[in-house]
Amino acid sequence: MDTKTLFLGDEAVAQGAMDAGISGVYAYPGTPSTEIMEYVQAAPEAGARGVHRQWSANEKTAMEEALGMSYAGKRALVCMKHVGLNVAADAFINSAITGVNGGLVVVAADDPSMHSSQNEQDSRFYGKFAAVPVCEPCSQQEAYDMVRAAFDFSEKIRLPVLLRITTRLAHSRADVVPAPARAENPLNPSSDPRQWVLLPAHARRNWAALLARMPEITALGDAFPWNRFIPGTNRQMGILAAGIAFNYLNECFPGGTCPFPILKLGQYPLSSARLATLQAACDSLLILEDGAPFIEEQLVGLFPNPVMPIRGRLDGTLPRTGELTPENVAAALGRARPEGPAVPPLVTPRPPALCRGCPHSDTYAFLKEVMSDFPAGRVFSDIGCYTLGALPPYEAIHSCVDMGASITMAKGASDAGVRPAIAVIGDSTFAHSGITGLLDAVAESSPVKLLILDNEITGMTGGQESLAFGRLESIAAGIGVDPAHIRVVTPLAKHHAENVRILREEIAWPGVSVIIARRACIQMRRKG
Amino acid sequence: MKYDMIIAGVGGQGILSIASLLGRAALNLNLHLKQSEVHGMAQRGGAVLAHLRIADQPIHSDLVPRGAAAMILSMEPLEALRYLPWLDTATGWVVTNAEPLHNIEPYPNLDAIAAEIRRLPQAFLFNADKMARDLGAPRAVNMAMLGAASTFIPLPSAALESAIVSQFSRKGETVVASNLAVFRAGRQATAALHPG
Ligand SMILES: Cc1ncc(C[n+]2csc(CCOP(=O)(O)OP(=O)(O)O)c2C)c(N)n1
Ligand code: SF4
């Protein structure tokens, strides 16, 4: 393949990884990263080559499976949304201490402005925390090229490499010219237990060695073509533009007419030699970066009088929260343009809602009826389509924090005396991180009532298979829930009265109950 | 050449397929393209939009800057108004479906919405649902919209038609023919408005 093709940023990453000779992709779905795995799953060449491309139970299992593939000498790609890296963090950070054998690239798709997320954490901090290189593309073409370079870099320095993208790149299509594909690595398992057995004695040695190599790793990373100094004629201000910030900057100065010196960055750790070039060419700095003021905080430090005035998100030149936009970057450069007509006041918001006929709406109907008898009771929910049950007309849930937190928060609240403490979780979220929480409840016979909303799919992210499919009853029974209190109901209006009765019965029982509300997502049925 | 547009609608109304048809046509013409889409939570019946930028030189931002859009194409009248700040007031067109999608309570007064749209210097409001239905292709509403908008979009109609053919060819000749018919009817509806 060498002709121009339209790729989403996610697809450019996926095609780049396939062409770089990966043997496996490991991932759990999460906006805006989902389409990376989906692209590989749909690619005939991946099927022909036998590239691993099944969803994992969660991001931690995905990360560890990929590390195992790397141990065996082959290249692996791991993909997740930003909060997924919290789940995978233990494996990710320790993988910097073991290092890798086959190339290992971890993609974290950040979601500044929280279009589909609970927070806007910036994954570049994880790269710094773990002491691994991070690359951040500015375009779909750069994303494609960077993935291959990141695999090469990973194998050269024998470390995992983090690729950080943000929503606007992940979910935007552009024309990309691919490079010729190359072969996968042969099987070649590591035979160095000192690298892989992180006993304190080994880990201390590996960590010291990693830190000692940081200057070399920084210099190698700095040489990539995505780091460029572009001289300018006006030294009043120098601009540091990381990742897609570079595009918004160019948007303000079409045809390369920016008079200010620019440092375009796509690689971390930051090279102080590179920064010195910019510093020498200007009298003040503007930092443009999507996400947190990650670079800015490193440059400003805590001294009240830094070497030169630095503007960015910390001093209010750009907003402290939310994504960069063409508008806020233009305003920071003093080049705001007039907007079109204002939105007329009659325009009301149109928030997302459960699909008409969604099984979750029938589940919330019987749950709400039962809970109206228990004003002191609480419903701890989780993340998925069913989180929309927080909005009218349902207003049926009281919390949603992180994947799996429904069961565990219900247990904690029940420990504190909340009755009834109800947990509501989707089937995929249960597989992701609900099982261990349920085990906690079983171990203490907590009177937690767990409703598993089994729509037989991962609905929120567009219908990926759920690893709990067909296994929910046996998982619950297997970890010790009394089979008499594993109830299966069908969330349909015609079963409403029966479902109300069953939930009431279970609330009356002072132990762990699991009520599985099973009916397929209607979008899935439509897909056929 | 540089053409920026916003494609608006409600999750599930097929705005991504309009964007993808335009993208396919632009790519076949060897133009540059950036097309930013909304995936994820908002697709569940919420307000969604796509930014589409076509140019004969490399494009920088994935997002259309506010005040720069030459076109707001909307599958739904209320949604056409939501993105007005993106419109280039001097030259921009708003082409929108008049058929409302009632999934919010209360839905604002439809006559007031239409009045707001008609107040714009360059707007075309028509019932694309009815047009598609009358041509026996009730699912091709987005083709009626694309047709009506295409009059103002600087891509040859033939390039769009061949993109439609390749997009629907898997579904058989009748589907291709009915989509083309609706597209042409849409284009015909605005033909007289074209400045030249
Ligand atoms: C750690 C983490 N990983 C992934 C996601 C993205 N995500 C949100 S909900 C969800 C799955 C929802 O599936 P399910 O629990 O089956 O509920 P449904 O949407 O089908 O109702 C995913 C993958 C997330 N928010 N956090
Ligand atoms: S996608 Fe499925 S689970 Fe999600 S709201 Fe629609 S019907 Fe319900």
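**Topic: the sheet that holds strand E6 (residues 161-166) of chain A**
Residue and element names in this part refer to chain A.
- Here we have 6 strands laid out as an open sheet, ordered E2-E3-E4-E6-E5-E11, and mixed in their pairing. The open sheet has two edge strands, strand E2 (24-27) and strand E11 (267-268), and neither has a second partner.
- Here 2 bridges tie strand E5 (residues 134-135) to E11, and the two strands are oriented antiparallel to one another. Its bridge partner being in E11, Cys-135 is matched across the sheet by Gln-267.
- Across the sheet, helix H7 (residues 140-157) touches strand E3 (76-81), strand E4 (104-110), E5, E6 and E11, and the angle it forms with E6 is around 160 degrees.

**Side note on the site of ligand 2**
- Leu-354, Cys-355, Cys-358, His-360, Cys-385, Asn-455, Cys-521, Ile-522 and Gln-523 of chain A together with Arg-44 of chain B make up every residue found near ligand 2.
- Neighbouring residues of ligand 2 are not confined to a single chain but are spread across chains A and B.
- Within the shell around ligand 2, the residues separate by chemical class into 6 nonpolar, 3 polar and 1 charged.

**Describing the domain arrangement of chain A**
Residues and elements named next belong to chain A.
- Looking at the assigned domains, one finds that chain A contains domain 1 (5-186 + 194-222), domain 2 (228-333) and domain 3 (359-527).
- Computed from C-alpha atoms alone, the centre-to-centre distance between domain 1 and domain 2 is 26 Å.
- Interface area, domain 1 with domain 2, both sides summed: about 2,100 Å², of which 52% is carbon and sulfur.
- Linking domain 1 to domain 2 there are 4 salt bridges.
- At the boundary of domain 1 with domain 2, the tally comes to 16 residue pairs in polar contact (both at pLDDT 80 or more).
- Counting only elements with at least two residues in the side of domain 1 that touches domain 2, the list comes to helix H6 (124-130), E5, H7, E6, helix H8 (167-170) and helix H10 (200-222).
- Of the residues forming the side of domain 1 that touches domain 2, the biggest block, 4 residues, is contributed by H10.
- The residue inventory of the side of domain 1 that touches domain 2, partitioned by class, reads 11 nonpolar, 5 polar and 9 charged.

**Focus: the nonpolar core**
- Core analysis: the biggest nonpolar cluster contains 109 residues, and Leu-77, Phe-92, Ile-239, Leu-249, Ile-295 and Leu-333 of chain A have the highest contact counts within it.
- At 9 residues, the largest contribution of residues to this core is made by H7 of chain A.
- Setting aside residues no more than four positions away along its own chain, Leu-249 of chain A makes contact with Ile-239, Ala-241, Ile-262, Leu-288, Val-329 and Leu-333 of chain A.
- Residues Leu-49, Met-71, Ile-104 and Ala-144 of chain B belong to the second largest nonpolar core, which totals 72 residues.

**Overview of the site of ligand 1**
Residue and element names in this part refer to chain A.
- Taken together, 26 residues lie near ligand 1, and Glu-59, His-360, Asp-427, Thr-429 and Gly-459 sit nearest.
- In this structure, an oxygen atom belonging to ligand 1 sits 2.8 Å away from a main-chain N or O atom of Cys-385.
- A distance of 2.8 Å separates an oxygen atom of ligand 1 from a polar atom in the side chain of Asp-427.
- If ligand 1 stood free it would expose 590 Å²; the protein chains cover 97% of that surface.
- Looking at the shell around ligand 1, the elements with two or more residues in it are helix H5 (82-98) and helix H17 (427-433).
- Among the elements that make up the shell around ligand 1, the one with the highest residue count is H17 (4 residues).
- Partitioning the shell around ligand 1 into residue classes produces 10 nonpolar, 13 polar and 3 charged.
- The residues that make up the shell around ligand 1 include at least three from each of domain 1 (5-186 + 194-222) and domain 3 (359-527).

**Digging into helix H16 (residues 405-416) of chain A**
- Helix length check: H16 of chain A, at 12 residues, gives a terminal C-alpha distance of 16 Å against a target of 16 Å (1.5 Å per residue), a fit within 8%.
- Among the residues of H16 of chain A, Ala-405, Ser-406, Ile-407, Ala-410, Lys-411, Ala-413 and Ser-414 of chain A are the ones counted as buried.

Thresholds applied
- Residues numbered from 1 in each chain as written.
- Chains lettered and ligands numbered in written order.
- Predicted model: local features only at pLDDT ≥ 70, side-chain atom pairs only at ≥ 80, totals over all residues.
- Heavy atoms only, no water.
- Pairing = 2+ DSSP bridges.
- Helix = DSSP H or I, 4+ residues; strand = E, 2+ residues; numbered from the N terminus.
- Contact = heavy atoms within 4.5 Å.
- Axes fitted to C-alpha atoms, helices over the stretch in contact; angles between N-to-C directions.
- Near = heavy atom within 4 Å.
- Nonpolar A, V, L, I, M, F, W, Y, C, P; charged D, E, K, R; others polar.
- Domains from an automatic or database assignment.
- Buried area = accessible area lost by both parts, 1.4 Å probe.
- Salt bridge = Lys/Arg side-chain N within 4 Å of Asp/Glu carboxyl O.
- Polar contact = N/O pair within 3.5 Å; in protein donor to acceptor, adjacent residues only side chain to side chain.
- Core = buried A, V, L, I, M, F, W, Y, C linked by side-chain atoms within 4.5 Å.
- Buried < 20%, exposed > 50% of the residue type's maximum accessible area, 1.4 Å probe, protein only.
- Areas by Shrake-Rupley, 256 points an atom, 1.4 Å probe, with all protein chains shown as cover.
- Expected span 1.5 Å × (residues − 1).

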